[in-house]
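Structural description and commentary
Spelled out, the chains give:
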Amino acid sequence: MMKTTALKKLLLASLAVLSVALPLSAARAGQRVPSPVSITVYSWGTYVSGNPGDARASADAYQSINCAVNTYSDGYQQGFCQATNKNNLTVSCYVNRPEMIQTIYGIGPSSYIAFNFTQGSSVCANITIENGSRFKPVTP
Amino acid sequence: MVAWAVTVAVAAWIAWSYQGLRRSNEQLAGRMEALEIAVAESRPAVDSGRQAAAAAAISLGSAAARAKELDQFRARLEQAAAVAPAPAVTKPAPTPEQIGAAGAARALLGRSIAAGRWTEESRQELAGLLNAADRDSREELARALIGAINDGRMSVEGLVL
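Keep in mind the model is a prediction, meaning the values are calculated, not measured. (Residues numbered from 1 in each chain as written. Chains lettered and ligands numbered in written order. Predicted model: local features only at pLDDT ≥ 70, side-chain atom pairs only at ≥ 80, totals over all residues.)

**Some thoughts on the overall build of chain A**
Each helix and strand counted, chain A has 3 helices and 7 strands in total. Seen in sequence order, chain A has helices and strands lined up from the N terminus as α-β-β-α-β-β-β-α-β-β. Restricting to contacts in chain A with at least 6 residues of sequence separation, those with at least 24 account for 52%. (Helix = DSSP H or I, 4+ residues; strand = E, 2+ residues; numbered from the N terminus. Contact = placed C-beta atoms within 7 Å.)

**Some remarks on helix α4 (residues 135-150) of chain B**
For α4(B), which comprises 16 residues, the first-to-last C-alpha distance of 22 Å matches the rise-based estimate of 22 Å (1.5 Å per residue) to within 8%. Taken together, the buried positions of α4(B) are S137(B), R138(B), L141(B), A142(B), L145(B), I146(B), I149(B) and N150(B). Buried residues belonging to α4(B) abut β4 (77-84) and β5 (90-95) of chain A together with α2 (96-115), β1 (117-118), α3 (120-132) and β2 (155-156) of chain B. (Expected span 1.5 Å × (residues − 1). Buried ≥ 20, exposed ≤ 12 C-beta atoms within 10 Å, placed from the backbone.)

**Observations regarding the interface of chain B and chain A**
Counting residues at the interface gives 14 residues for chain B, matched by 15 residues for chain A. Going through the elements one at a time, α3 and α4 of chain B are the ones with two or more residues in the side of chain B that touches chain A. With 8 residues, the top contributor of residues to the side of chain B that touches chain A is α4(B). A per-class count over the side of chain B that touches chain A returns 8 nonpolar, 3 polar and 3 charged. (Nonpolar A, V, L, I, M, F, W, Y, C, P; charged D, E, K, R; others polar.)

**Some points on the nonpolar core**
Formed by 40 residues in total, the largest nonpolar core has its most connected members in C81(A) and C124(A). Those elements that place two or more of their residues in this core are β3 (64-71), β4, β5, α3 (98-105) and β6 (111-118) of chain A together with α2, α3 and α4 of chain B. Contacts of C124(A), omitting those with residues within four sequence positions, involve C81(A), C93(A), Y94(A), V95(A), M100(A), F115(A) and F117(A). (Core = buried A, V, L, I, M, F, W, Y, C linked by C-beta atoms within 7 Å.)

**What to know about the pairing of strand β1 (residues 38-41) of chain A**
Residue and element names in this part refer to chain A. Summarising the sheet, β1 and strand β2 (residues 45-50) pair through 4 bridges and their orientation is antiparallel. In the sheet register, S38 faces β2, and the bridge partner there is S49. Once β1 ends, the chain turns through 3 residues before running back antiparallel as β2. (Pairing = 2+ DSSP bridges.)

**With respect to the packing of α2(B) against α3(B)**
All names here are of chain B. Taken N-terminus to C-terminus, the directions of α2 and α3 make an angle of 155°; their axes are 8 Å apart at the nearest point. Considered as vectors, α2 and α3 are oriented roughly antiparallel to each other. The handedness of the crossing between α2 and α3 comes out as left-handed. Taken together, the residues of α3 that come into contact with α2 (itself represented by E97, Q98, A101, A104, A105, L108 and S112) are S122, E125, L126, L129, L130 and A132. (Axes fitted to C-alpha atoms, helices over the stretch in contact; angles between N-to-C directions. Parallel < 35°, antiparallel > 145°, perpendicular 65-115°, else oblique. Left-handed = near helix turned anticlockwise from the far one by under 90°.)

**Description of α3(B)**
All names here are of chain B. Over its 13 residues, α3 extends 19 Å from the first C-alpha to the last, a length consistent with the 18 Å expected when each residue adds 1.5 Å. For α3, the set of buried residues is S122, L126, L129 and L130. Projected down its long axis, α3 carries its buried residues within an arc of 100°, all on one side. Projecting away from the buried face of α3 at angles above 90 degrees are the exposed residues E120, E121, Q124 and G128. Check the buried side of α3 and you find it contacts α2, β1 and α4. (Arc of directions from axis to C-beta.)

**Some details on the sheet that holds β4(A)**
By way of backbone hydrogen bonds, the strands of a sheet pair with one another, either parallel or antiparallel. The strand order β3-β4-β5 (chain A) describes an open sheet built from 3 strands, whose pairing is antiparallel. The outermost strands of the open sheet, each flanked by one partner alone, are β3 and β5 of chain A. On average, each strand axis in the sheet is tilted by 15° relative to the strand beside it, whichever way the strands run. The sheet contacts of α3(A) involve β3, β4 and β5 of chain A, and relative to β4(A) the element is tilted by about 50°. Its contacts with the sheet place α4(B) against β4 and β5 of chain A, and it is angled at close to 160° to β5(A).

**So, the packing of α2(B) against α4(B)**
All names here are of chain B. For the pair α2 and α4, the least separation of the axes is 10 Å and the interaxial angle reads 5°. Classified by the angle between their axes, α2 and α4 sit roughly parallel to one another. On α4, the residues that touch Q98, A102, A105, R106, L109 and I113 of α2 are S137, L141, A144, L145 and A148. Here the contact of α2 with α4 is built from residues that sort into 8 nonpolar, 2 polar and 1 charged.

**Section: the confidence of the model for chain B**
The share of residues in chain B with pLDDT of 70 or more is 72%, and the mean pLDDT across the chain is 81. In the model output, the complex is listed with pTM 0.62 alongside ipTM 0.78. (pLDDT = per-residue confidence, 0-100.)

Take a look at the structure:
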């Protein structure tokens, strides 16, 4: 009899724990990849990456990652990307190739942005955009 | 009597055989003549066939030679293309206004590098000057500006370009 009571208590306690834990885990479903602004210098050049949503929501007042396209009155287009990390270090590169400018146009509210440039060059060697659910959307 | 009859019979047989052989010989001669005529008549066709075969052989040989020549010519063309300089692209010379705008932009960049700061005001001023400048100057100024930022010679307070 004593044994049955103990088992019942254990069962009730387990149910109580599950009833609290299950809704919490359901609320956290889905893959999330925090991507603060990262600037890494390699022997070949500099690699920059980050998510605008994470940069905007960061605790420091420096982080940002942006790309933009300037179109001049004669139709010439020049794009550029720039990023500032939590230590207030800013780097940038520019592009004038139409294909790379098209890539910049693909940036959305929850994009992951990465770009790189070789050492001593101001021209972007590569721009990568990932749009998807893994990254935090920009929120006010 | 019997001997005489046998002799006459043998003579008759010999005469008959001779006549048969003669007829056969004449027929054979006629056939030979017909064959000779046929051979003579077919000779031009044979000659023509031989000539066609010879011409085909010559044609095949010359086609192979032409293909080889074409390959050599193509190789020479590729070599020439590799060595030859790219055709010159003629760009219009910058106008005095463009030269002036580019000069003002260089001066702005110089002042900013000296101050160690690239402000939003600087960026806006540069935007107007770059619009008035020629394309080469835009490239040159973008390189210089971003180079100074990446080198840490200027802090950035807003957008770069």
